[in-house]
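Okay, here's what each chain looks like letter by letter:
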Amino acid sequence: MADEVILLDFWPSMFGMRARIAMTEKGVHYEYRDEDLWDKSPLLLKMNPIHKKIPVLIHNGKPVCESLVILQYIDEVWPGESPLLPSDPYQRAQARFWSDYIDKKVYDCGKKIWSTKGEELEAAKKEYIEILKVLESELGEKPFFGGESFGFVDVALIGYYSWFPAYETYGNFSIEAECPKFIAWAKRCMQRESVAKTLPEGNKVCEFVSILRKKVGIE
Ligand code: GS8
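Along each chain, numbering runs from 1 in the same order as the chain's sequence is written. Since the coordinates come from a predicted model, pLDDT governs what is reported: local features require at least 70, and pairs of side-chain atoms require 80 or more to be given and counted, while whole-chain, interface and lining totals use all residues. Note: side-chain values were computed over all heavy atoms of the structure, leaving out hydrogens and water.

Colleague: Help me understand the domain arrangement of the protein chain in this model?
Modeller: When the parts of a complex come together, some accessible area is lost, and that lost area is often used as the size of the interface. Annotation of the protein chain at the domain level lists domain 1 (5-77) and domain 2 (89-215). Marked domain ranges trace back to an automatic or database domain assignment. Centre-to-centre separation of domain 1 and domain 2, based on C-alpha positions: 21 Å. Every contact between the two is made by 16 residues of domain 1 and, on the other side, 28 residues of domain 2. By buried area we mean how much accessible surface two parts lose on assembly, using a 1.4 Å probe and totalling the loss over both. Buried surface at the junction of domain 1 and domain 2, summed over both partners, amounts to about 2000 Å²; 73% is from carbon and sulfur atoms. Of all residues in domain 1, W11, M14 and I21 give up the largest surface area on contact with domain 2, accounting jointly for 31% of the area buried on that side. We count a salt bridge whenever a side-chain nitrogen from Lys or Arg sits within 4 Å of a carboxyl oxygen from Asp or Glu. Summed over the shared surface of domain 1 and domain 2, the number is 2 salt bridges. The definition of a polar contact used here is a pair of N or O atoms within 3.5 Å, where within protein one atom must be able to donate a hydrogen and the other to accept one, and adjacent residues in sequence count solely through side-chain atom pairs. In this structure, the connection of domain 1 to domain 2 is made through 6 residue pairs in polar contact (both at pLDDT 80 or more). Only DSSP runs of H or I with at least four residues qualify as helices, and only runs of E with at least two residues qualify as strands; both kinds are numbered from the N terminus onward. For the side of domain 1 that touches domain 2, the secondary structure elements donating two or more residues are α1 (14-26) and α3 (67-77). Among the elements that line the side of domain 1 that touches domain 2, the one with the most residues is α1, at 9 residues. Only heavy atoms matter for contacts: two residues are in contact if any of them lie within 4.5 Å across the pair.

Next up, the structure:
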């Protein structure tokens, strides 16, 4: 019997993008279901009763929650010809370390850029650039975070790139001017079909962020 794979997701989510990119890379056929996060489906509440968040991957009826856990699961179930995680235990540990760094730093700081004003916004922009500079130094001269090929950390990080136009619009700054190496890496990732097909248009994300700003009362 063929695998049944369903992804509960929400189109602007950089967490959901991780699962979409990984499954496209692996050629996994899945059913995409866009959730209304302000009116969550009974299926989402049933499949992720702990956090009630997307993304949730439902594989033959069984849920897997948390995007980095989903990413590792996809890599283990469908290793294919090019696994996302390296085989060397030390390199694997490094990939997990940097994905964890991304989760702890990048999302929250990005959120501050579109949801604050004045001094708080200025501090958030400064911190965001510092975080990207740390990532740039980890990337070094390599084309991708794991080395020569597109891998785990690239998948974990690239979704944020689709939010950059929104950060730049509402933060009134240029990320490319500050972090050209980071942008060069992002453009390299965008050459992959899996990434280009998955990331939403920057102006669509800007429109969505404008709605979020109204919701949090900043616009
Ligand atoms: C984060 C998922 C998340 O924040 C992961 O999967 O990596 N650590 C988790 N999902 C958000 C949408 S994207 O910002 C979500 O589902 N929010 C709904 C809510 O908080 O009610």
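Having seen the structure, we can now continue with the description.
Colleague: Which parts of the structure should I look at to understand the site of the ligand?
Modeller: A single heavy atom is enough: if one lies within 4 Å of a molecule or strand, its residue is considered near that molecule or strand. What surrounds the ligand is the set S13, F15, L37, K40, K53, I54, P55, E66, S67 and Y107. Between K40 and the ligand, the recorded distance is 2.5 Å, taken from a side-chain N or O atom to an oxygen atom. Residues are said to line a cavity or pocket when one of their atoms sits within 4 Å of a point; the points come from a 1 Å grid over protein atoms alone, cavities being sets where a 1.4 Å probe fits but cannot get out and pockets being open sets with protein on both sides within 12 Å along at least five of seven lines. Being in a pocket or cavity means that more than half of the molecule's atoms lie within 2 Å of its grid points. For the ligand, the cavity whose grid points lie within 2 Å of the majority of its atoms is the largest pocket. Under this grouping Gly is polar, as are all residues other than the nonpolar Ala, Val, Leu, Ile, Met, Phe, Trp, Tyr, Cys and Pro and the charged Asp, Glu, Lys and Arg. Here the residues of the shell around the ligand are counted per class, giving 5 nonpolar, 2 polar and 3 charged.

Colleague: Please clarify how the packing of aromatic side chains should be interpreted in this entry.
Modeller: The description of an aromatic ring pair uses the distance of the two centres, along with the angle that the planes make with each other. The criterion for an aromatic pair is that two Phe, Tyr or Trp rings (for Trp, the six-membered ring) have centres within 6.5 Å, with stacked assigned to planes under 30 degrees apart, edge-to-face to planes over 60 apart and tilted to the rest. According to the stated counting rule, one finds 17 aromatic pairs in the structure shown. Look at F10 and W11: their rings are 6.4 Å apart centre to centre, the planes differ by 55°, and that puts the pair in the tilted class. Looking at W11, the relative accessible area reads 21%, which means it is partly exposed. On the numbers, 5.1 Å between centres and 50° between planes, the contact of F15 with Y107 is tilted. Highlighted residues: F15 in helix α1 and Y107 in helix α4 (residues 89-115), separated in sequence by 92 residues. Residue exposure (1.4 Å probe, protein chains only): buried if accessible area is under 20% of the type maximum, exposed if over 50%, otherwise partly exposed.

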